[in-house]
Structures are given as structure tokens and as C-alpha cells.
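# Observations on chain architecture
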Amino acid sequence: MHANEHLIDLRSDTVTRPTPGMMRAMAAAELGDDVLGDDPTVKRLQAVVAERLGKEAGLFVPSGTMGNQLAIRAQSAPGDQVVVEDGAHVYRYEAGAPAALSGVQLTCVPAPGGLLSWERVEAALNPANVHCAPPSLVCLENTHNRAGGRLVPQALVTAIGAGARARGLRVHLDGARLWHAHIAGGLPLAELAAPVDTVSVCFSKGLGAPVGSVLAGDREVIARAWRFRKMWGGGMRQSGLLAAACLYALEHQLERLAEDHARATSIARGLDHPALAVGHPVDTNIVIIDVAGADGDTRLVAHLASRGILTLGFGPGRVRLVPNLLNSDADIARVVDALNGFPRA
Ligand SMILES: Cc1ncc(COP(=O)(O)O)c(C=O)c1O
């Protein structure tokens, strides 16, 4: 890294900082005590997001993890079966919460590219008898993080929604990056969320807010989630300060996600190295590079760090790069250059 070069942080889209306009919106926010139900900015965010997602109600929560886990808690009973894709964030990266906080039994169904189908879900459902955990919920993820920001074909979501409903099951969608699915695929957010009962969306990722997620669904399920949010310590007081950042992000930083998607594609297209390959379609803002050779992930992360580029190892031989609000096109050219300069074995 040359003395006049800045650090390029591609570890995640969560590393962004509030933009100046966002800071001004936060400073100007009207506030109240949200645990007492009177923060006007939180209420506005919940209403706006529920409306955009075509749901009756929304609940502001501190994190995507809490949104997902509240959805599980509010739509299952301890001992129930919950079906998820094997690479799902709710299963892999939420600290064992489904077991610890909801007491449910996860059935993890492997699916190529993370793309669960109704046929795979149905085959995994327990039979209705006294020996088995009764199925109550299916969890989906769009876009799919571990599958490289994969855009889930809407026909799959629709089929799972219809199949689940016919079997009396509910469906939750982890939409931490549903914004990206909307921008990349062009479908309205409400259409993406229509087949499912609950959906959680994050503002602290590509949208660039410092904190915040919303869980949306029907009034009854959101009322249940509200109670568990309180129980889990997720009730916040003048959280309108954070909700203002989320509203600002929705209004001013949603359309620009297309830039992140284009930059991710540029990285994938620019790759020209015998030991490096992108093993998935780059639909949105995540690039996962497969690195050949022993300790490939560690060596590539260290090489890029020596060039002032931060990335994350994503399992043996895999490195994740996530273009975000902090990057420019010139940064991406530097990243491609550094990748192609990875020392050859
Ligand atoms: C797909 C997905 N769901 C949920 C989360 C959890 O969000 P948080 O870090 O806000 O708990 C993440 C975080 O990266 C994610 O990628």
C-alpha cells in the first residue's frame, strides 16, 4: 500500500458510516420514549416500512438477528420443527438462537446455490405423529448471503409460500438484503414479500444506517413479537434517533445500491488469475472468491491487507468481498489489480 492510498474496507456492507445528510436527519429527529410507545419517528419508520413491504405492521429492532429470532419465537412453540436452508444466516450465524431463545428444532435442508424449493421443504417436513417435532415455520433468505448475495427467483418464494400455507405452516423471510433483491431484480418490495407471513429488513448493511432493522407482518404476529422484544431487552427509548437514519437511508440511499452491484460485477469480471475463481453468479453486492491451494483464504486475505484492502475469510479457501457506500470506481480498479497480483504458487 502506497503512503497516499487509503484503506478500502470490503469486509462487509456493515462497515459504512452515517453520511453527512444522514447525520443531519438524525440530529433533527423528533423523539419520544418508544418503550412507552410515543416516539413519533420510530412509529413513522414502522408504518413506512410495513407499507413498502405490503404488511399490516412493523416493529423496530436493534439488529437483523433480533428481527429473525423474534419471527421464529412469535411463530412457533418450543419443540416445533422449523425448516431452513443449510446455509441460512438464522442457522449458521445467529449464535444458536433458535435453540436457545425459541427451543425449536431446526431441520437444515441443503440446496444448490442456497435456492430452496417447495419440493425440498415438503420432503423435510416431519409427519404428523406423536414421535416427531410438529412443523410450524419455514425460513427463507433473500438475498442469500452465504450463497454470494444470490437473488432468489420469485417463483421459488411463491411456490414455498403457497405450499406452506396449504400445510398450515407460516413462512418468515430474512430480508436483511431484500433491498438488493428489489434493486437488482426490479420487483416491488411488496411483491417480494407477498408470499411470506413475516419479513425482516436491515438498514445497517448496504443502506448505510448505523443501527436498525424492522420486522413486518400481520398485526397479531407483530404484537407477539413486541412482547418478546421487551422480554429480550430490545425495547429502546429515544430510538427515533436511529429510526431517522433508517428513514433517511430508505429515501436517499436505496437506489444507489445499483452502484454496489455494478462494482461487485466489475470485481468478478476483472478477475484474471489461475488460482482465483468466483463460484457463483454475482447477482448483487457480494463476491465470494474461491482460492486454490493450502490456506488459500488466509493467504489471500493477508495479501490484500498488505495492499490496504480489508476482506473476510469465508470458510476454507473462500474470501468474501462486499462493495459498499464507502467505495469508488477507482477503489474497485485497485482491488482488481491487487487480486490479479496475488503471488502465484
Ligand atoms: C442474511 C443476513 N441475515 C441477518 C443478518 C443479521 O444482521 P445483524 O448483524 O444486524 O444482526 C445478517 C448480517 O450480516 C445477514 O447477512
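Definitions and limits used
- Residues numbered from 1 in each chain as written.
- Predicted model: local features only at pLDDT ≥ 70, side-chain atom pairs only at ≥ 80, totals over all residues.
- Heavy atoms only, no water.
- Helix = DSSP H or I, 4+ residues; strand = E, 2+ residues; numbered from the N terminus.
- Contact = heavy atoms within 4.5 Å.
- Near = heavy atom within 4 Å.
- Polar contact = N/O pair within 3.5 Å; in protein donor to acceptor, adjacent residues only side chain to side chain.
- Areas by Shrake-Rupley, 256 points an atom, 1.4 Å probe, with all protein chains shown as cover.
- Nonpolar A, V, L, I, M, F, W, Y, C, P; charged D, E, K, R; others polar.
- Pairing = 2+ DSSP bridges.
- Axes fitted to C-alpha atoms, helices over the stretch in contact; angles between N-to-C directions.
- Domains from an automatic or database assignment.
- Buried area = accessible area lost by both parts, 1.4 Å probe.
- Salt bridge = Lys/Arg side-chain N within 4 Å of Asp/Glu carboxyl O.
- Phe/Tyr/Trp six-rings, centres within 6.5 Å; stacked < 30°, edge-to-face > 60°.
- Buried < 20%, exposed > 50% of the residue type's maximum accessible area, 1.4 Å probe, protein only.
- Lys NZ or Arg CZ within 6 Å of the ring centre and 35° of its normal.

## A look at the environment of Val336
Its place among the elements puts Val336 in helix α14 (residues 329-340). Residues Val336 and Asp33, 303 residues apart in the sequence, show an inter-C-alpha distance of 48 Å. Setting aside residues up to four positions removed in sequence, Val336 forms contacts with Ser266, Ile267 and Gly270.

## Side note on the site of the ligand
Surrounding the ligand, one finds Ser63, Gly64, Thr65, Asn68, His89, Glu94, Glu141, Asn145, Asp174, Ala176, Arg177 and Lys205. For the ligand, an oxygen atom lies 3.0 Å from a polar atom in the side chain of Asn145. Arg177 has a polar side-chain atom sitting 2.8 Å from an oxygen atom of the ligand. Notes on the ligand: free accessible area 390 Å², of which the protein chains cover 83%. Considering only residue class, the shell around the ligand consists of one nonpolar, six polar and five charged.

## Topic: the sheet that holds strand β3 (residues 81-85)
Strand order in the open sheet formed by seven strands is β2-β8-β7-β6-β5-β3-β4, with mixed pairing between adjacent strands. Both edges of this open sheet fall to β2 (57-61) and β4 (105-109), since each of them pairs with a single strand only. The sheet shows a mean angle of 20° between the axes of neighbouring strands, direction not considered. Across four bridges, the pairing between strand β7 (residues 198-202) and strand β8 (residues 213-217) is antiparallel. Paired with Val199 across the bridge in β8 is Ala216.

## Quick notes on the domain arrangement of the protein chain
When the domains of the protein chain are assigned, the result is domain 1 (8-15 + 256-340) and domain 2 (20-251). Of the residues lining the interface, 17 residues belong to domain 1; the matching set on domain 2 comes to 19 residues. Taken over both partners, the interface formed by domain 1 and domain 2 buries close to 1500 Å², and the fraction arising from carbon and sulfur atoms is 56%. It is Asp13, Leu257 and Asp283 that lose the most area in domain 1 upon contact with domain 2, and together they represent 34% of the buried surface on that side. Along the contact surface separating domain 1 from domain 2 lie two salt bridges. The closest approach of N and O atoms between Asp13 and Arg177, which form a salt bridge, is 2.8 Å. Linking domain 1 with domain 2 are six residue pairs in polar contact (both at pLDDT 80 or more). Listed by contribution, the elements that provide at least two residues to the side of domain 1 that touches domain 2 are α12 (257-270) and β13 (318-321). Class assignment for the residues of the side of domain 1 that touches domain 2 results in seven nonpolar, five polar and five charged.

## Side note on the packing of aromatic side chains
Scanning the entire structure with this criterion turns up three aromatic pairs. Arranged with centres 6.5 Å apart and planes meeting at 40°, the rings of Phe228 and Trp232 form a pair that is tilted. For Trp232, a relative accessible area of 22% gives the class partly exposed. The ring of Phe228 has Arg227 lying over it, and the distance from NZ or CZ to the ring centre is 5.4 Å.

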